[in-house]
Amino acid sequence: MNSNVTSISEDFSHRSTILYWNEQIKVYLTPNTILLSIFLLIGVPGNLAVIFIYQCRLSKKTSGRYFIVPLAWTDTFALLVTGAINITQNTRQVTFPGFGTCKLLIYMSYVSISISLYILVGIAVQRYLKICRPFGRQMILTWRRRSVYLCILVSVLTYIPVLFYFGRVEGRNPNLGNVTGYQCSIIHSSKSKLKWFRIFQGFGAFATFCVVIIVTVLYILITKVIIKHERKRNANLVHPGKQQTTEDILLHHTRETNMRPNITTRVTEEKDIFTKTDQQKSIFRISFMFMTISLVGFLAYLPFWSFIFIEANNPLFWKNMSSVSFHICLTLRRMYMVNHLCNPFIYGVFDKAFRVEVKKLFGKQ
């Protein structure tokens, strides 16, 4: 009887010590938890608004906006998953609930981030064909859908190894009687497995680097075409008649074919020219919008990947810094969440039709 009472007392004392240890960490990480909560409160409603507006009101107006809805769904999923894993790590650092929960959340966070990056490639290819190869083969609806499915499939398969390298790991605190807690982290294993993990990380970094290079090159080519077009347009405005656009040549050919066109025909042709110009401006504006999204995404992911490499090569990195440095580095490491919440604001800046629908949604005409 006495042994049972002693065992229960020791167990209660052990649990109390773990909870005390966890509470200390929870309080210490409160500023970061508040920041992550703000990210979720801004990002999730913003992306849901994007999905509603583009899916229900703008989805059929132009093919250039097709990728916005899949990207918004991905961003919403990524925010929920990364928010769940990060906030849980902040509030239950040494009492993380469940071995499988840790694996699943980390795996889904990697997959959602990867899908978002690969969709940016699909967007860049689609914009390149639209701007630089307007008379060539374009990404029809079927291929746009398949590209999204391909992004999902590649991401799901690529990050399967994450399930073997992450899990619920024991951690000890010598300052509290060597009490044992459980954290969601990289599983400490043999040197051979750690070597394969670093190879896997190198492969992921290489894939991300390729994505950055491909998207950068495509948008450089797109920017050159847009600048060239704008120079021609400005030259026509300054020196009318000296330089002809494609529309002018077509109009001149029409006038030669019909020696006496009526006034109605000329007015219609002029309206067509203005309509084409407006369409080109809209295409260019949407292209700049996606360029901005890609740039913000890469800048947001850069600290994330940098810290992953630092952690892999220096396991004691987070233990050897001051409180201020720790919070700054932790914020930078989780700054990738910004990429998943800022797109609604970028759409609001570049897409006039989206702004109009947002005003209607909130009853402002």
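The sections below set out a description of the structure shown in this document. (Residues numbered from 1 in each chain as written. Predicted model: local features only at pLDDT ≥ 70, side-chain atom pairs only at ≥ 80, totals over all residues. Heavy atoms only, no water.)

## Notes on the overall build of the protein chain
Looking only at helices and strands, the protein chain has 13 helices and two strands in total. The burial tally for the protein chain puts 40% of its 365 residues in the buried class. Within the protein chain, contacts between residues separated by at least 24 positions form 79% of all contacts whose residues are at least 6 apart in sequence. When the accessible surface of the protein chain is summed, it comes to about 21,200 Å², and 65% of that surface belongs to carbon and sulfur atoms. (Helix = DSSP H or I, 4+ residues; strand = E, 2+ residues; numbered from the N terminus. Buried < 20%, exposed > 50% of the residue type's maximum accessible area, 1.4 Å probe, protein only. Contact = heavy atoms within 4.5 Å. Areas by Shrake-Rupley, 256 points an atom, 1.4 Å probe, with all protein chains shown as cover.)

## Points about the side chain of R334
Among the secondary structure elements, R334 is positioned in the loop between α10 (323-333) and α11 (336-339). For R334, the contacting residues outside a window of four places in its chain are N32, L36, F39, N86, Q89 and N90.

## Concerning the packing of aromatic side chains
Enumeration according to the criterion identifies twelve aromatic pairs in this entry. With centroids separated by 5.5 Å and ring planes inclined at 35 degrees, the aromatic side chains of Y28 and F326 adopt a geometry described as tilted. One end of the pair, Y28, is in helix α1 (residues 2-28); the other, F326, is in helix α10, with 298 residues separating them in the sequence. A relative accessible area of 14% means that F326 is categorised as buried. Measuring from centroid to centroid gives 5.5 Å for Y66 and F67, while their planes differ by 80 degrees, and the two rings are edge-to-face. Every member of this aromatic cluster is reached through a ring pair, and the members are Y110, Y159, Y165, F166, F200, F304, W305 and Y336. The ring of Y66 has R144 lying over it, and the distance from NZ or CZ to the ring centre is 5.2 Å. Above the ring of W143, the side-chain terminus of R146 is found at 5.1 Å from the ring centroid. (Phe/Tyr/Trp six-rings, centres within 6.5 Å; stacked < 30°, edge-to-face > 60°. Lys NZ or Arg CZ within 6 Å of the ring centre and 35° of its normal.)

## A word on the pairing of strand β1 (residues 166-173)
For β1 and strand β2 (residues 179-186), the ladder comprises eight bridges, and the chain directions are antiparallel. Each residue of the ladder has a partner; that of R172, found in β2, is T180. Turn length for the β1-β2 hairpin, with the two strands adjacent in sequence and antiparallel, is five residues, and the turn residue G177 shows positive phi of about 75 degrees. (Pairing = 2+ DSSP bridges.)

## Topic: the state of the cysteines
Summed over the entire model, instances satisfying the criterion amount to one disulfide. Disulfide pairing is shown between C102 and C184; the S-S distance is 1.9 Å. On the sign convention where negative means left-handed, the S-S torsion of about 80 degrees between C102 and C184 marks this disulfide as right-handed. Note that C102 is positioned in helix α4 (residues 99-132) and C184 in strand β2, a separation of 82 residues in sequence. The two residues C102 and C184 agree in class, both being buried. (Disulfide = S-S within 2.5 Å.)

## Observations regarding a positive patch on the surface
A contiguous patch of positive charge, built from R285, K352, R355 and K359, is present on the exposed surface. The element best represented in the positive patch is helix α13 (residues 352-361), accounting for three residues. With respect to the helices and strands, the residue K352 is situated in helix α13. A relative accessible area of 54% means that K352 is categorised as exposed. (Patch = residues over 30% accessible without salt bridge, like charges linked within 9 Å, V, L, I, M, F, W, Y side chains within 5 Å. Salt bridge = Lys/Arg side-chain N within 4 Å of Asp/Glu carboxyl O. Lys, Arg positive; Asp, Glu negative; His and termini not counted. Charge placed at Lys NZ, Arg CZ, Asp CG, Glu CD.)

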